[in-house]
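Given next are the chains, with one letter for each unit.
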Amino acid sequence: MSESHPCPLFHCRAMRILIIDDDIELCDLLTEYLTREGYVVLPCHDGRQGLASALADDCDFVIMDIMLPSYNAVDLLRQLRCLSTIPILMLTARGNAADRIVGLEIGADDYLDKPFDPGELVARIRAIQRHGENEFGTQPPTTGTLVADDLLIDIDSRTVSKDNSTVSLTAIECALLHALVKRIDQVVGREILAREALGRKLERFDRSIDVHISSLRRKLGRNANGLERIKTVRSVGYMFSST
């Protein structure tokens, strides 16, 4: 018997998912499926309207097609990410690696190739949920703080501070940082990072982790010694260095 309620009993309301896609038939199908899974779905077929809805705090999660004929989806994603850390799952054409990489570089949390199984979509949503706002998490949150050099990671609130200033990270970036810092000075494989941050296995030629790490490096900057905080271990993974 499949689960029909993505949120535990103590949550005050169902998560609201905004779908931005000009494919009306697909939106109808996903609305029906996700509603059965306990989500509130807000379908939108226009990019500008979708951006306005996302920025108006009408939703908690965004699913968007990277190919919107009525509005440049890359610009939409860029504008949305500049103003919000809301979780974003992008839908891309199968085999179009360039779209995936661009979307991830701009700030999408993960991607799913069309056509896809709706069950896989729900799995991706729930994986991202676990690293998002506590209200919608599907597991009890890990508590406490981690300190690394001039960084303070508050696991309860999913926030990161550098020299007492907040660093704006997406849920996936914060999950990656947590996975690395709790194993400080240890090499962490890409598959482990994918499992802990994305909640899934890496696909062949999947660069999701690499793109998120690149964004994380850019946002955190170098450490007090002017060195990269996150070192690449070729063909293996990454390491957060204490020196």
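The structure this text deals with has already been given above.
On a predicted model such as this, the values are computed, not experimentally measured, just so you know.

Here we look at the pattern of salt bridges
No. 1: Following the criterion strictly, the structure yields 19 salt bridges and no others.
No. 2: For Lys114, the salt bridge identified is with Asp65, shortest N-O distance 3.1 Å. On the criterion of sequence distance, the pair formed by Lys114 in strand β5 (residues 110-114) and Asp65 in strand β3 (residues 61-65) is long-range, its members being 49 residues apart.
No. 3: Residue classification places Lys114 among the partly exposed residues on the basis of a relative accessible area of 21%.
No. 4: Ionic pairing is found between Asp149 and Arg229, a salt bridge with its closest N-O pair at 3.7 Å.

Side note on helix α2 (residues 47-55)
No. 1: Where α2 is concerned, the buried positions are Gly47, Gly50, Leu51, Ser53 and Ala54. Viewed along the axis of α2, the buried residues span an arc of 165°, placing them on a single side of the element.
No. 2: If you follow the buried residues of α2, they end up packed against β1 (16-20), β2 (40-44), β3 and α3 (73-83).
No. 3: The backbone nitrogen of Arg48 has a side-chain oxygen 3.2 Å away, supplied by the residue at the start of α2, namely Asp46.
No. 4: Directly beyond the C-terminal end of α2, a positive phi value near 60° is found at Asp57.

Digging into the sheet that holds strand β7 (residues 151-154)
No. 1: With antiparallel pairing, four strands are arranged side by side in an open sheet as β6-β7-β8-β9. Two strands lie at the open edges of the sheet, namely β6 (145-148) and β9 (165-167), each paired on one side alone. Between one strand axis and the next, the sheet turns by 25° as a mean value, whatever way the strands run.
No. 2: Bridge count between β6 and β7: four bridges; the pairing is antiparallel. By the bridge assignment for β7, Leu146 is matched with Ile153.
No. 3: On top of the sheet, helix α6 (residues 171-181) reaches β6, β7 and β8 (159-162); it is set at about 70° to β6, its chief contact.

Cut-offs and rules
- Residues numbered from 1 in each chain as written.
- Predicted model: local features only at pLDDT ≥ 70, side-chain atom pairs only at ≥ 80, totals over all residues.
- Heavy atoms only, no water.
- Salt bridge = Lys/Arg side-chain N within 4 Å of Asp/Glu carboxyl O.
- Helix = DSSP H or I, 4+ residues; strand = E, 2+ residues; numbered from the N terminus.
- Buried < 20%, exposed > 50% of the residue type's maximum accessible area, 1.4 Å probe, protein only.
- Arc of directions from axis to C-beta.
- Contact = heavy atoms within 4.5 Å.
- Polar contact = N/O pair within 3.5 Å; in protein donor to acceptor, adjacent residues only side chain to side chain.
- Pairing = 2+ DSSP bridges.
- Axes fitted to C-alpha atoms, helices over the stretch in contact; angles between N-to-C directions.

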